[in-house]
Amino acid sequence: MSLKSAKKAVLATALSGLVSIAAQAGNVEVLHYWTSGGEAKSAAVLKQLLEAEGHQWKDFAVAGGGGESAMTVLKSRAVSGNPPSAAQIKGLDIQEWAELGFLTPLDAVADKAGWDNLLPTVVSNVMKYDGHYVAVPVNVHRVNWLWANPEVFKKSGAEVPTTWEEFFTAADKIKAAGFIPLAHGGQAWQDATLFEAVALGMGGADFYRKAFVEHDQSVLTSAKMTEILATFKRLNQYIDADAAGRDWNIATSMVINGKAAMQVMGDWAKGEFTAAGKQPGKDYLCVAAPDTQNGFTFNIDSFAMFDLKDADDKQAQADLARLIMEPEFQETFNLNKGSIPARLGMPRDKFDSCAHKSMDDFVATAKSGGLVPSMAHGMSTTSAVQGAIYDVVTNYFNSDSLTPEQATEKLARAVKAAI
Ligand code: GAL
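Residues numbered from 1 in each chain as written. Predicted model: local features only at pLDDT ≥ 70, side-chain atom pairs only at ≥ 80, totals over all residues. Heavy atoms only, no water.

Participant: Hey, could you go over the site of the ligand for me, with residue numbers and the actual values?
Facilitator: Around the ligand, a shell composed of 14 residues is seen, among which Glu39, Lys90, Asp301, Lys337 and His377 lie nearest. The backbone of Gly66 places a nitrogen or oxygen atom 2.9 Å from an oxygen atom of the ligand. For the ligand, the cavity whose grid points lie within 2 Å of the majority of its atoms is the largest cavity. Classifying every residue of the shell around the ligand gives four nonpolar, six polar and four charged. (Near = heavy atom within 4 Å. Polar contact = N/O pair within 3.5 Å; in protein donor to acceptor, adjacent residues only side chain to side chain. 1 Å grid on protein atoms, 1.4 Å probe; cavity = no way out; pocket = protein on both sides within 12 Å on 5 of 7 lines; lining within 4 Å. Sits in = over half its atoms within 2 Å of the grid points. Nonpolar A, V, L, I, M, F, W, Y, C, P; charged D, E, K, R; others polar.)

Participant: Please provide a residue-by-residue account of the packing of helix H10 (residues 188–212) against helix H12 (residues 223–234), values included.
Facilitator: Between H10 and H12, the least distance of the axes is 9 Å, while the angle of their chain directions is 160 degrees. The angle between H10 and H12 falls in the class roughly antiparallel. For H10 against H12, the interelement crossing comes out right-handed. Within the contact between the two elements, H10 uses Asp191, Leu194, Phe195, Val198, Ala199, Met202, Gly203, Phe207, Ala211 and Phe212 and H12 uses Lys224, Met225, Glu227, Ile228, Leu229, Thr231 and Phe232. (Axes fitted to C-alpha atoms, helices over the stretch in contact; angles between N-to-C directions. Helix = DSSP H or I, 4+ residues; strand = E, 2+ residues; numbered from the N terminus. Parallel < 35°, antiparallel > 145°, perpendicular 65-115°, else oblique. Left-handed = near helix turned anticlockwise from the far one by under 90°. Contact = heavy atoms within 4.5 Å.)

Participant: An account of the state of the cysteines is needed here, citing residue identities and associated values.
Facilitator: All chains considered together, the criterion is met by one disulfide. One disulfide bridge connects Cys286 with Cys354, the sulfur atoms lying 2.2 Å from each other. Taking the torsion about the sulfur-sulfur bond, which here is approximately -105 degrees, the covalent link between Cys286 and Cys354 counts as left-handed. Here Cys354 lies in helix H17 (residues 353–368) and Cys286 lies in strand E11 (residues 285–288), a separation of 68 residues in the sequence. As far as the burial class goes, Cys286 and Cys354 line up, both buried. (Disulfide = S-S within 2.5 Å. Buried < 20%, exposed > 50% of the residue type's maximum accessible area, 1.4 Å probe, protein only.)

Remember, this is a structural readout, not a statement about activity or role.
Following this line, the structure appears as structure tokens:
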């Protein structure tokens, strides 16, 4: 190294030291479960932005789709008095953590940036406890999607289905042509994701809300629910024999590489198509899950902020909260994640046709009443009720021990007991 460049390097180090002192560098430990290809790219966006402010990001990734394992780890850390700064907690869980006194209010950041004017109320309601923001939304995921490989459909002589009846017709043709009709992973949350799509499609938004938000026993025990459970079970024969325990992103890769024709999954699946360099409308198709064209099952990812002691870490945490709501993060993160920004009024031009459809349908269904919270993803009910539904649904789907009538009864009873 020449003397000149050595001097430059010394100066640069000194300057970066000054910058970080000025910014009062803190540590932010962030618990999340974004470990698939598309998800990891998305999480990296937040890390980079935070580090650019001079803070340190301590990654606390707990693998496991849907976040069940992450929540178990979080509980043990919090109970032992050592919670992370931020954790990806969603929906009604935010309320539970806040009620227990673990979370810190974000009013100073929220007021300064005017979050109330930047978020749809359906989003801000979830982020607030007792009128105060305790969490920050990163996105809105739509759950009721069907992802399709057009090549496989073409080779099978099948049409992409718009109804569950059409689904079975197409699936028979696809199976006969030697492909796997439905890519799926046998994990409780994935079974529940499929089940809620069938329930929304066959029951409609009002039925869905009564069952999964209000837990209305007359709806839970209805003949409609039995019909839904029977249709749901029929899907099993279109899934391959190796599905047990398979991660959702492995199932998505089966659609990407043409082994399977379809997957019913939220648009985090699009993050995988994007990471694989695939184009919507050409390499893959995104359509509403059968019979759910007028519905939108929403799933909002968010970071709840834990109460911290160290002043620098608190500052870093506040900076994280601020960054999450800024347009730069909301755009770049969501382009990678497959979701749409939670923040209103964002430019649409960089987003693809699937995201545009999601943005349009989010607004349209909010007006029509078709916008419903995802049960499978912690938006519609407490984790206790959700867990009870998961258990019945997954046992019923993966064994032949219950008839649809018995499963209906069991589901209704399990929900009642868990409320
Ligand atoms: C959802 C979560 C998404 C995605 C997915 C798979 O519940 O909201 O961000 O990570 O699980 O893990």
